[in-house]
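Coordinate analysis (summary)
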Amino acid sequence: MPALQQRPALQQRTIDRVDDRLHLGPDQQVDDKALLFTPQSPTLTDPFLVLVDDLFSSPGFEWHPHRGLETVTVVLDGVLEHGDNIGHAGTLSTGDVQWMTAGRGVIHRELAFRNERAHILQLWVNLPAEQKMVDNRYQDLLAAQRPVIEADGTRIDLISGQAGGHTGPAKNHWPITGATLTLEPNRTLPHTLPAHDRTFFTVLSGTVTIAGRTLTTGQTGWSDPLPGGGPESSTIALRTGDSDQPAVVLAFSGRPMRQSVVFGGPFVMNTEAEIVQAHRDFRSGRFGAVPRQARLQYR
């Protein structure tokens, strides 16, 4: 009888650094703003660019352009009204996610429905150079339609990529795994990810220990790609202690692109010349006209 082959042990990940929430306060668009991580060091966050926490009623974010990136918007509370210049319009409620590809150029807006209240997180994901000018795309990933994996006081709400034999609904131009992880007190969750990915864990509420490093609400832990890591799986353990509330963690991972990153306001390209061209194209109308779309009617 042939000997049974043992599966190789998964590579163990670590937390390499921790970012603290940077509170910016109110401005002309929002009632409160914070950065969970900043765009100051894109080589350290690649393929992710920035994670913003916005709370607003009015005015919110009126018509503005984007090019060369994807925005992943998570509605934490309230109702978000959205629309763009290629015909999309609608609302998203608590728990819903919108994945917008702003390739060659889109003009859109994000407002609090009825000017009441919207609390969102928005993650900017880079696009590789060869896909900076892809067609624009909206994906509304509604909470009720996403796969959820529950086991022993833990919950994985899967947005993109694979976990526990399930696949998230998001379509990617660059492979990204994204989920919201919830752990009740005194629970452990081994989270499996590609070894070549860079991963961040942002604590939305509670306290959690990740690979032996304790993080609290508003902190983001980073796990860099493992040396020599290919597409093979790796794992990292999340644990909660004896608390009176669960821990909720936003976890995203993706393989670094290792390309130059140049910011130009709402545009993210690879060179300064491309940023200049993006501004020129927007001013000349190549993104399309700024819509005169009315606000959504009350229901």
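Structure shown above.
Residues numbered from 1 in each chain as written. Predicted model: local features only at pLDDT ≥ 70, side-chain atom pairs only at ≥ 80, totals over all residues. Heavy atoms only, no water.

All right, on to the overall build of the chain then. When helices and strands are tallied, the chain shows 2 helices and 26 strands. Whereas a compact globule of 299 residues would reach a radius of gyration of roughly 19 Å, the chain reaches 20 Å, a difference of no more than 12%. Taking all 299 residues of the chain together, the buried fraction comes to 52%. Of the contacts formed within the chain by residues at least 6 apart in sequence, a portion of 73% connects residues at least 24 apart. Of the roughly 13,900 Å² of accessible surface on the chain, 50% is carried by carbon and sulfur atoms. Treating the 27 positive side-chain charges of the chain as one cloud and the 32 negative ones as another, the clouds have centres 5 Å apart. (Helix = DSSP H or I, 4+ residues; strand = E, 2+ residues; numbered from the N terminus. Rg over C-alpha atoms; globule rule 2.2 N^0.38 Å. Buried < 20%, exposed > 50% of the residue type's maximum accessible area, 1.4 Å probe, protein only. Contact = heavy atoms within 4.5 Å. Areas by Shrake-Rupley, 256 points an atom, 1.4 Å probe, with all protein chains shown as cover. Lys, Arg positive; Asp, Glu negative; His and termini not counted. Charge placed at Lys NZ, Arg CZ, Asp CG, Glu CD.)

Moving on, we get to the nonpolar core. Among the nonpolar cores identified, the biggest contains 21 residues, and F48, L51, W99, L123, F200 and F252 are the most heavily contacted of them. Of all the elements, strand β11 (residues 118-126) adds the most residues to this core, at 3 residues. If sequence neighbours within four positions are ignored, L51 has contacts with A34, L35, L36, F37, L121, Q122, L123, F200, T202 and L250. The next biggest cluster of nonpolar side chains, apart from the first, holds 20 residues, and it includes I15, I149, L183 and L189. (Core = buried A, V, L, I, M, F, W, Y, C linked by side-chain atoms within 4.5 Å.)

In this model, D46 is joined to P47 through a cis peptide bond whose omega is 15 degrees. Counting through the fold element by element, P47 comes out in the loop between α1 (42-45) and β5 (48-56). Between S58 and P59 the backbone carries a cis peptide bond, its omega angle lying at 10 degrees. Looking at the element boundaries, P59 is found in the loop between β5 and β6 (61-66). Positioned with a positive phi, N186 is a non-glycine residue whose angle comes to about 60 degrees. Structurally, N186 is set in the loop between β17 (176-183) and β18 (188-194). For R258, which is not glycine, the phi dihedral falls at a positive 55 degrees. Mapped onto the secondary structure, R258 falls in the loop between β24 (247-254) and β25 (262-264).

Within a regular strand, side chains alternate between the sheet's two faces. Where burial is concerned, the two faces of strand β22 (residues 220-223) agree: the one with T220 and W222 and the one with G221 and S223 are both buried. Sheet analysis places strand β19 (residues 198-205) next to β22, joined by 4 bridges and oriented antiparallel. When the sheet's bridge partners are listed, T202 is paired in β22 with T220. (Pairing = 2+ DSSP bridges.)

One open sheet accounts for 7 strands, arranged β2-β22-β19-β24-β17-β14-β13; its pairing is antiparallel. The open sheet is flanked by β2 (17-19) and β13 (148-151), the only strands paired with a single partner. Each strand of the sheet is rotated relative to its neighbour by a mean of 20 degrees, with strand direction disregarded. Sheet topology places β19 next to β24; 7 bridges connect them, and they run antiparallel. Its bridge partner lying in β24, F201 is registered against A251. (Axes fitted to C-alpha atoms, helices over the stretch in contact; angles between N-to-C directions.)

All right, on to the environment of R292 then. With respect to the helices and strands, the residue R292 is situated in the segment after α2 (272-283). Judged by relative accessible area, R292 falls into the exposed class, the value being 88%. The sequence separation of R292 and G161 amounts to 131 residues, and the corresponding C-alpha distance is 37 Å.

Let us now look at the side chain of D157. Mapped onto the elements of the fold, D157 is located in strand β14 (residues 154-160). Accessibility expressed as a relative area gives 10% for D157, which makes it buried. In terms of polar contacts, D157 uses its side chain to reach the side chain of R146, at 2.8 Å. Beyond its immediate chain neighbours, meaning those up to four positions away, D157 contacts R146, P147, V148, G178, A179 and T180. (Polar contact = N/O pair within 3.5 Å; in protein donor to acceptor, adjacent residues only side chain to side chain.)

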